[in-house]
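Summary of structural features
Residue-level listing of the chains:
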Amino acid sequence: MQRGTLDRPGCRLYYEVHGSGPLLVFAHGLGGNHLSWWQQVPHFRDRYTCVTFAHRGFAPSSAPPGGPDPDDYAGDLAALIDHLGAQDVRIVAQSMGGWSALDYALAQPARVRALVLASTAGTIARAPALFGDPERLPAWECEAAAAARALQAANIHVAAGERMAHEQPAAHFLYQEIDALSHVDKVKLRRKLHDTMVRPADALRTLNVPTLWLTGDEDIVYPPFLSDILAKLMPNARVARVAQAGHSVYFERPGEFNRIVDEFLGANP
């Protein structure tokens, strides 16, 4: 096991390396950091060199002046991969991590052997033309916002979900504790993430990287049906939907998540 830091413009990134084999990088979401992958690293480290890191602004990485800018994420990921001396990489990205992973894959597709986009479409714009029914996304957003308000009133983490809180209270508590480690202004960062969702979906048509779009069917943070739509635009993509799971499938249903990702990586060595 190796711990290290990497100096980047405006901040210092923290990372960890576990195991041996082909490089497998995990990019966490807004409610996490490198610790979020505690149920994945032990599963994969016997066959892969597992790399976890904390995005800029998320402890123990440092915060740049004014807070993190999602436009810097892909550059940070590229610098980390270069720092580790890898010629190619497999990336598993959760939610906000998709901003890092998808932009990196689009910039350097020849170096990405496989890409997992878990509950995320990164910077892809949610243009109305993508949806056959123009009311589908607005209706989902309205219902999701109401559900999120109810969870917040009950002190349930929205990205963890009601089912995790009730069925796995210890896991839900840990999720909240990991989230609390970083003091980044997440309301401000969430707005920045939203403002960068401008990349046309047609950009995916040219991305020939094997891609797995993995979602939970009870997600109220990211619309799972968007993954179904976007995967069809890509030349080499598939979708996996996990039942009775919310936004954070990797945390809530780790056995199923690991199995699906394992099969996907095995088919795309």
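Attention in this report is confined to the structure presented alongside it. Residue positions are given per chain, counting from 1 as you read along its sequence in written order. Only residues with pLDDT of at least 70 are given local features in this predicted model, and only at 80 or more are side-chain atom pairs given and counted; all residues enter the totals for whole chains, interfaces and linings. Only heavy atoms go into the side-chain values, all of them from the structure, while hydrogens and water stay out.

Points about the packing of aromatic side chains
For clarity, the threshold we go by: Aromatic rings from Phe, Tyr and Trp, with only the six-membered ring used for Trp, were paired whenever their centres fell within 6.5 Å, and each pair was classed as stacked if the ring planes differed by under 30 degrees, edge-to-face if by over 60, and tilted otherwise. A run of DSSP states H or I qualifies as a helix once it reaches four residues; a run of E qualifies as a strand once it reaches two. Both are numbered from the N-terminal end. Each residue gets one of three labels from its accessible area relative to the maximum for its type: buried under 20%, exposed over 50%, partly exposed in between, using a 1.4 Å probe on protein chains only. Geometrically, a charge over a ring is one whose NZ (Lys) or CZ (Arg) sits within 6 Å of the ring centre while staying within 35 degrees of the ring normal.
Counted according to the given criterion, the structure contains ten aromatic pairs. Ring plane angle 50 degrees and centroid distance 6.2 Å describe the contact between Phe 26 and Phe 44, whose orientation is recorded as tilted. With Phe 26 in strand β3 (residues 23–27) and Phe 44 in helix α1 (residues 41–44), this pair connects stretches of sequence that are 18 residues apart. Here the aromatic rings of Phe 131 and Phe 225 are separated by 6.0 Å at their centres, their planes lie at 75 degrees, and the arrangement is edge-to-face. You can see Phe 131 sitting in the loop between β6 (112–118) and α4 (136–153) and its partner Phe 225 sitting in helix α8 (residues 224–231), a full 94 residues away along the chain. Phe 225 carries the same exposure label as Phe 131, and that label is buried. Connected via pairs of aromatic rings, a cluster forms that spans Phe 26, Trp 37, Trp 38, Phe 44, Tyr 48, Tyr 175, Tyr 250, Phe 251 and Phe 257. Positioned over the ring face of Phe 225 is Arg 136, at 4.1 Å from the centre of the ring.

Some thoughts on helix α7 (residues 186–195)
Condition: Read the arc as the range of directions from the helix axis to the C-beta atoms. Here, two residues are considered to be in contact whenever any of their heavy atoms come within 4.5 Å of each other. Between N or O atoms, a polar contact is any pair within 3.5 Å; within protein, one atom must be a potential hydrogen donor and the other a potential acceptor, and residues adjacent in sequence are included only when both atoms are from side chains.
Listed in full, the buried residues belonging to α7 are Lys 186, Leu 189 and Leu 193. Projected down its long axis, α7 shows its buried positions confined to an angular sector of 60 degrees, all on one face. Residues Val 187, Arg 191, His 194 and Asp 195 are exposed on α7 and point more than 90 degrees away from its buried face. The inward-facing, buried residues of α7 abut α2 (73–83), α3 (97–107) and α6 (169–180). Here α7 starts with a cap whose side-chain oxygen sits 3.3 Å from the backbone nitrogen of Val 187, and that cap is Asp 185.

Here's the deal with the sheet that holds strand β8 (residues 237–242)
This is how the line gets drawn: In short, DSSP must find at least two bridges between two strands for them to pair. Here an angle of 0 to 180 degrees is reported between the N-to-C directions of two axes, which are lines fitted to C-alpha atoms, with helices fitted over the stretch in contact.
The sheet built from eight strands is open, its strands ordered β1-β2-β4-β3-β5-β6-β7-β8 with mixed pairing. Among the strands making up the open sheet, the edge pair consists of β1 (2–8) and β8. Averaged over all adjacent pairs, the angle separating strand axes in this sheet is 20 degrees, with direction ignored. Direction of pairing for strand β5 (residues 89–94) relative to β6: parallel, over a ladder of six bridges. If you follow Gln 94 over to β6, its bridge partner there is Ala 118. Its contacts with the sheet place α3 against β3, β5 and β6, and it is angled at close to 145 degrees to β5.

Distances and angles like these do not, on their own, reveal function.
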